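Each chain, letter by letter, is given below.
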Amino acid sequence: LHSYRRRTMATFPPNRTSNMPVPGGPGGAPPPGAPPGASSSAGRDESYFTESRKGEVNELRMLLRTFATERDKQRKRDIMKKVIAYMTLGIDVSRLFTEMMLAIETRDLVIKKMVYLFLCNYAETHPDLAQMCTNTLVKDCGNEDPMVRGLALRSLCSLRLPQMIEYTSEPLRRSLQDGHAYVRKTGVMGILKMYHLNKEEFDKASFNDILYDMLRDPDSSVVTNCILVLNEIMADSGGMALNRAVMLHLLNRIHEFSEFGILSVLDLVPRYIPANDDEGFQIMNLLDPVLRTANAGAVVATIRAFLSIADAVGKRAGDDRDEDSPTVDDLKHQVVVRIKAPLVTLLASGSSELTYVLLKYVDQLIDLCPGIFDDEYRVFYVRYHDQSHIKHSKVRILAKLANPDNAPDIVAELGELVANVDEMMGRIAVQSMASIAMHDSGGQGAVESIARRLVEMLDLHGIPHISSEAATALASLVRRHPSIVSVVSAPLPRALKYISEPAGKASVIFLLGECGESIVEAPYVLEKVIDSYDSIADAAVKTALLGATVKLFFYRPPEVKNMLGKVLKKATEDVSSQDLHDRALFYYRLLRSSPDTNIAKSIVTSKSMTMSTKHFAEEDDSELRAALMHEFNTLCTIYRCKAENFIDEENIVKFVKVPKEHPLPREAPVTPVTDPGVNTNTNHMGGVAMADAPQQSVTTVPSTVSAEVDLLGFGDDLSAMSVPTPAPVGPASLQSLSLKSEVILNGEDYQNKWSSVPDAEAVIIPALAMSTGPTSTDGVEEPLKAFNVFTMASGELSTEFKFFLYGQEEDAYGGGFFLIQAVVSKAPFNLSLTIKPNGGDTNPTKRKEKIDQLVELIKSALGEYFP
Amino acid sequence: STAIMGSNPFPLYDSINPIMELPDVNDHDGGGTNGRDPSSGGTIYLFSALRDGLSYLAACTSPIGNGLEIPPLLIIEFLHRIADTFVLYFGDPADESAVKDNFSTAYQLLEEMVDYGWPLTTEPNALTDLIRPPTVMAKIHQAMTGGSSGIVSEALPTGTVSNMPWRKAGVQHNHNEIYIDIVEEIDAIVSGDGSLLTSDVMGSIQAQSNLSGVPDLILTFNDASLIDDCSFHPCVRYSRFERDKVVSFVPPDGPFELMRYRVQMSGAGGSHLPIGNMPIQVIPRISYGRFGLDGDKVGSNSDIGGRISLTVTARSISSLIYSASRKGPLVIEDVAVVIPFPKFVKTANLNVTLGQVIYDEAGKIAKWVIGKLDEKQRPQLNGTMILEDGSEPGSSKGQS
């Protein structure tokens with residue numbers, strides 16, 4: 001997706017400059033019938049993309065000059081659109097730069113956007129001209145309209161001119177404090193653009209700390225962008241620094257995120273090591289609703305998160321976990337069971353592109369937990385309108401789903417596909433069928449019935465690739481199940497005549513050697529092949545021929561003796577294949593030097609070719625599969641190979657699990673991760689708590705913050721984290737708010753302190769909506785006390801409760817006092833706070849931060865009253 | 001972002017994988033791999049999504065997403081979201097000409113939907129807040145003057161930060177109404193002998209909400225247990241559904257898909273729907289042999305041919321759908337049968353008792369448009385085929 005927007009234009013055919021002679025009119029004159037001037041601006045533009053317009057840049061310039069005097073808004077826009085249309089076609093209209101920039105001073109947002117687009121497109125090639133417009137852009141960044149501010153900022157950051165950085169960093173910094181989320185999120189993305197443009201300047205500006213702070217932004221799209229930007233900036237250390245507080249904060253808010261924003265949070269989860277098992281399970285419960293979204297990306301990201309948590313909290317051998325706690329495999333099994341239904345729904349309803357990718361994922365999950373998808377095998381039946389690559393994936397998966405119950409159905413379905421017009425499809429169907437027999441997953445009698453089907457296919461000489469594929473399958477099958485020789489042997493001599501593909505031919509010859517005892521005419525058909533040895537091009541066929549002849553010799557020496565001599569001679573003289581040559585020599589010396597033919601016989605006809613395991617050695621990809629599970633939901637799954645096999649080493653993304661050490665010991669009681677439910681949002685918005693709104697969300701909220709975890713502090717373990725990064729991850733501004741548990745303050749002091757802070761410095765938090773209210777003052781005082789916020793005085797009036805509260809910071813954090821006047825209004829229930837800081841940090845930003853944290857702390861302490 | 005791949009994309013597209021690789025684009029200076037710049041080099045991955053004849057392409061550098069691994073599904077989902085948005089703005093289908101006619105709006109949309117390669121605003125409600133869709137007036141204006149649409153209303157975005165990303169604040173409508181459409185697709189595989197191998201019903205509840213303020217709505221099912229699996233628009237309260245099987249939600253403004261669900265008719269889940277067969281059945285009879293063009297079996301020196309006959313029957317579906325407002329029996333509308341012929345068929349001569357049949361010689365596809373169908377009619381198609389010389393029809397099976 002990168003550089004996808006801006007580079008669009010560059011992918012069009014090379015720029016055609018208007019200096020070139022233009023077909024259709026000498027010297028670039030407009031073609032007859034299209035009079036120059038504004039006459040065509042009347043909106044009568046059949047299409048902006050007709051070919052005859054190549055050389056009309058001059059005409060456009062004329063039009064643009066009338067722009068300033070033009071009064072009709074629509075015509076103005078049409079002129080602009082024409083310029084942009086030319087640009088889109090790849091015609092170089094950069095000569096209009098000056099005229100275009102004159103148009104930037106407009107109140108019409110659409111025209112402004114088009115000028116910005118023009119500017120960004122040509123800035124790289126015309127840096128001098130672009131620099132002239134910077135002032136306008138910077139000025140627009142201070143526009144009263146948030147939309148203009150945002151757009152101007154985005155364009156300013158997209159100019160891709162390194163020399164512009166000095167102009168951009170100031171508006172950028174300002175935008176991060178903007179009152180409007182649209183500007184803030186644009187600003188956050190602007191930071192990333194700056195980072196890629198000039199890393200040194202970026203480091204000087206130290207935006208990192210601000211970004212970490214902004215993870216607390218009330219607008220979820222700003223938070224999303226912060227995560228994305230931090231991940232990219234910190235890519236060298238594996239992505240954004242993550243600790244328990246940050247993770248839980250984001251997870252608790254996950255329902256506020258947009259459908260793509262959710263993905264940014266979900267992608268963090270696999271990197272996070274849960275503090276202990278309980279927390280892991282709580283995260284899973286919290287994420288469960290995401291499985292109900294219609295976005296396939298979110299569903300699969302959740303699956304990855306689940307699997308990673310299962311890895312972290314499941315019991316392994318030699319683990320000190322409880323006897324009864326589930327093992328990693330149990331947990332993964334449970335996860336796959338849980339996600340089966342949503343995946344199948346997505347598979348059946350999504351677009352073909354999604355289906356293709358999802359099939360690859362399902363394939364991997366089946367490998368992980370065989371058997372779970374078995375009963376859904378019909379979903380993997382090929383549909384007529386499926387695209388070929390989807391059909392192929394489905395048929396491969398079908399083989400893995402076979403069990404004794406469904407195997408007859410699956411094999412019958414595969415049988416239907418064998419004669420498919422798509423050659424590849426037919427081959428895969430045969431291979432899948434054989435694979436069911438190979439892995440013995442079809443139950444009693446399945447092997448033989450599949451073998452019979454394959455034998456029938458040998459005779460499908462109308463479809464040569466199928467008979468060849470069937471022969472290959474049978475050759476493997478005979479090694480796995482020697483008992484089917486009796487089924488296979490009869491049609492072999494016939495098959496040898498018309499199977500033309502080398503792989504199939506080699507397989508038939510191999511089979512003739514294996515079944516030589518029971519086929520009367522075996523030596524004679526082989527002899528014919530030997531006679532035409534010189535016309536065989538494929539080494540595999542020759543090798544098979546050699547092997548089969550030697551084998552047959554021990555079963556029926558008199559008939560084969562001459563043939564053997566011939567083939568050994570040919571093969572030892574054959575220089576086309578080293579392998580063949582050496583084998584022939586080996587057989588020759590074995591036969592000649594063996595004192596007793598029985599020894600040679602026991603070597604050649606031994607059953608070593610028979611397999612005792614279910615898989616061929618080369619089929620065993622358990623190691624690869626394990627590696628791929630770590631890369632689930634990436635291209636690795638789709639390509640079915642490890643990242644290092646298709647990505648340059650220096651580009652491989654580091655995967656760093658964090659945090660290395662947890663603030664919590666495993667036995668410690670875990671702070672519950674609460675499930676706010678989707679509804680909290682809507683309840684907030686509606687202003688009225690719905691009568692039937694679920695109550696559980698209300699009751700669980702208070703525990704969000706507890707003594708051990710300062711959820712919004714972010715600080716305590718950031719500094720302890722040992723993410724290998726040169727830049728300090730835990731900036732000082734992230735200090736958590738920490739209140740003393742014992743504070744001595746009398747009424748007089750309180751009043752003095754209160755009045756010593758001017759009212760202008762007080763922070764007022766108006767009317768936070770509450771769903772219910774306290775019945776007495778104790779209902780507020782007690783919970784606050786648990787969080788070290790104490791009450792000086794309180795009282796109940798007819799319409800409200802009033803509280804005078806205070807708290808003091810730990811000395812290490814500045815020792816400042818916070819004096820709070822809280823009013824709980826009764827109808828409707830809401831909470832207003834007036835907070836005055838006294839002493840402590842003098843830095844206004846830090847102060848503001850601490851007060852924000854204090855508000856959050858009070859809110860969560862009183863969580864039972866909040867929706 | 002959009003490339004045009006020809007007017008009839010299906011055969012071409014069939015061979016295109018949704019994820020493609022472009023080899024190292026920086027190698028063209030002839031320096032081979034030595035002169036490569038690792039910071040910008042590497043493979044380009046192209047993700048494609050096909051909609052309405054347009055291929056939406058996203059190019060990703062390697063490492064995908066600049067040091068980050070971006071899930072492929074994110075990109076594909078996002079491409080589809082762009083296509084959805086184009087449909088919302090330009091009407092259905094948002095094809096080549098629609099995008100060309102509205103290119104400036106398309107630019108604006110992309111500007112808001114993606115910033116520096118990352119999805120930005122994708123919720124239709126938020127987007128229409130930022131960029132007004134072409135209005136009816138604008139469309140009339142366009143029709144009269146021939147100008148392009150994309151006229152954006154003067155109103156600037158309200159700028160309200162909504163706690164519900166999907167719903168804009170302060171919606172006002174003169175007529176408060178919500179329309180709900182239930183669209184169900186039966187996805188079935190029928191074997192050659194007419195028996196049902198597999199069938200799923202994919203349902204989608206489409207809504208168009210024109211309600212003021214913050215409406216809180218509830219949708220209940222007669223029998224929610226029939227639903228095997230479902231997924232919801234973000235506005236639906238998930239926990240409420242888990243508990244009561246009631247869909248409770250605050251809708252976005254405008255058109256949206258409330259939920260999708262799947263009902264399995266057969267398989268291990270146990271068949272629990274009273275639908276044994278498809279509403280429409282097609283019974284094919286295909287045979288190959290030596291036939292004359294008139295269909296009579298003649299001597300062995302004539303062309304190798306085949307016979308095809310199809311009978312279409314409709315089941316009474318009146319009993320399945322209850323509607324108080326309906327009068328008379330239910331008629332199935334817009335019935336059409338598409339018959340793809342195998343490659344070895346040279347030509348076919350088809351006759352039908354009802355409707356019209358067109359045989360496309362080049363594509364070897366016959367399309368039989370029946371139109372309305374009720375249970376009393378049994379339209380039939382009969383015809384003969386002439387096969388390519390030397391072909392062996394015995395091994396191939398007709399597809400229906």
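Quick look at the overall build of chain B
Secondary structure summary: chain B contains 7 helices and 19 strands in total. In chain B, buried positions account for 46% of the 400 residues. Considering only contacts in chain B between residues 6 or more positions apart, those separated by 24 or more positions represent 63%.

What to know about a negative patch on the surface
Together, Glu618, Glu619, Asp620 and Glu623 of chain A give the surface a local cluster of negative charge. You can see Glu623 of chain A is positioned in helix α31 (residues 622-630).

With respect to the confidence of the model for chain B
All names here are of chain B. Per-residue confidence for chain B averages 73 on the pLDDT scale, and 68% of its residues sit at or above 70. Below a pLDDT of 50 lies the segment residues 25-40, which in the model reaches 12 contacts outside its immediate sequence neighbourhood of four places, other chains included. Here the predicted complex scores 0.74 on pTM and 0.79 on ipTM.

Quick look at the sheet that holds strand β12 (residues 254-264) of chain B
Residue and element names in this part refer to chain B. The strand order β7-β8-β12-β10 describes an open sheet built from 4 strands, whose pairing is antiparallel. The sheet terminates laterally at β7 (177-190) and β10 (229-232), the two strands that pair on one side only. With direction set aside, neighbouring strand axes in the sheet form an average angle of 15°. Relative to β12, β10 runs antiparallel, the two sharing 4 bridges. In the sheet register, Ser231 faces β12, and the bridge partner there is Arg260.

Focus on the nonpolar core
Ranked by size, the top nonpolar core spans 263 residues in total, and within it Val93, Phe118 and Met240 of chain A together with Phe47 of chain B carry the most contacts. Once you skip the residues sitting within four places of it in the chain, Phe47 of chain B turns out to touch Leu635 of chain A together with Pro18, Ile19, Tyr56, Leu57, Ala58, Cys60, Pro72, Ile75, Ile76 and Leu79 of chain B. If you look at the next biggest cluster of nonpolar residues, it comprises 27 residues, including Leu768, Val780, Leu784 and Phe866 of chain A.

What to know about the packing of helix α4 (residues 109-123) of chain A against helix α5 (residues 127-140) of chain A
Residue and element names in this part refer to chain A. The geometry of α4 relative to α5 is characterised by a closest axis approach of 10 Å and an angle of 145° between their N-to-C directions. Considering the relative orientation of α4 and α5, their crossing is left-handed. Judged by residue contacts, Lys112, Tyr116, Leu119 and Ala123 of α4 engage Pro127, Ala130, Cys133, Leu137 and Asp140 from α5. Tallied by class, residues from the contact of α4 with α5 come to 7 nonpolar, no polar and 2 charged.

Focus on the pairing of β7 of chain B
Across 14 bridges, the pairing between β7 of chain B and strand β8 (residues 196-210) of chain B is antiparallel. Directly across from Glu185 of chain B, in β8 of chain B, lies its bridge partner Met202 of chain B.

Analysis parameters
Residues numbered from 1 in each chain as written. Chains lettered and ligands numbered in written order. Predicted model: local features only at pLDDT ≥ 70, side-chain atom pairs only at ≥ 80, totals over all residues. Heavy atoms only, no water. Helix = DSSP H or I, 4+ residues; strand = E, 2+ residues; numbered from the N terminus. Buried < 20%, exposed > 50% of the residue type's maximum accessible area, 1.4 Å probe, protein only. Contact = heavy atoms within 4.5 Å. Patch = residues over 30% accessible without salt bridge, like charges linked within 9 Å, V, L, I, M, F, W, Y side chains within 5 Å. Areas by Shrake-Rupley, 256 points an atom, 1.4 Å probe, with all protein chains shown as cover. Salt bridge = Lys/Arg side-chain N within 4 Å of Asp/Glu carboxyl O. Lys, Arg positive; Asp, Glu negative; His and termini not counted. Charge placed at Lys NZ, Arg CZ, Asp CG, Glu CD. pLDDT = per-residue confidence, 0-100. Pairing = 2+ DSSP bridges. Axes fitted to C-alpha atoms, helices over the stretch in contact; angles between N-to-C directions. Core = buried A, V, L, I, M, F, W, Y, C linked by side-chain atoms within 4.5 Å. Left-handed = near helix turned anticlockwise from the far one by under 90°. Nonpolar A, V, L, I, M, F, W, Y, C, P; charged D, E, K, R; others polar.

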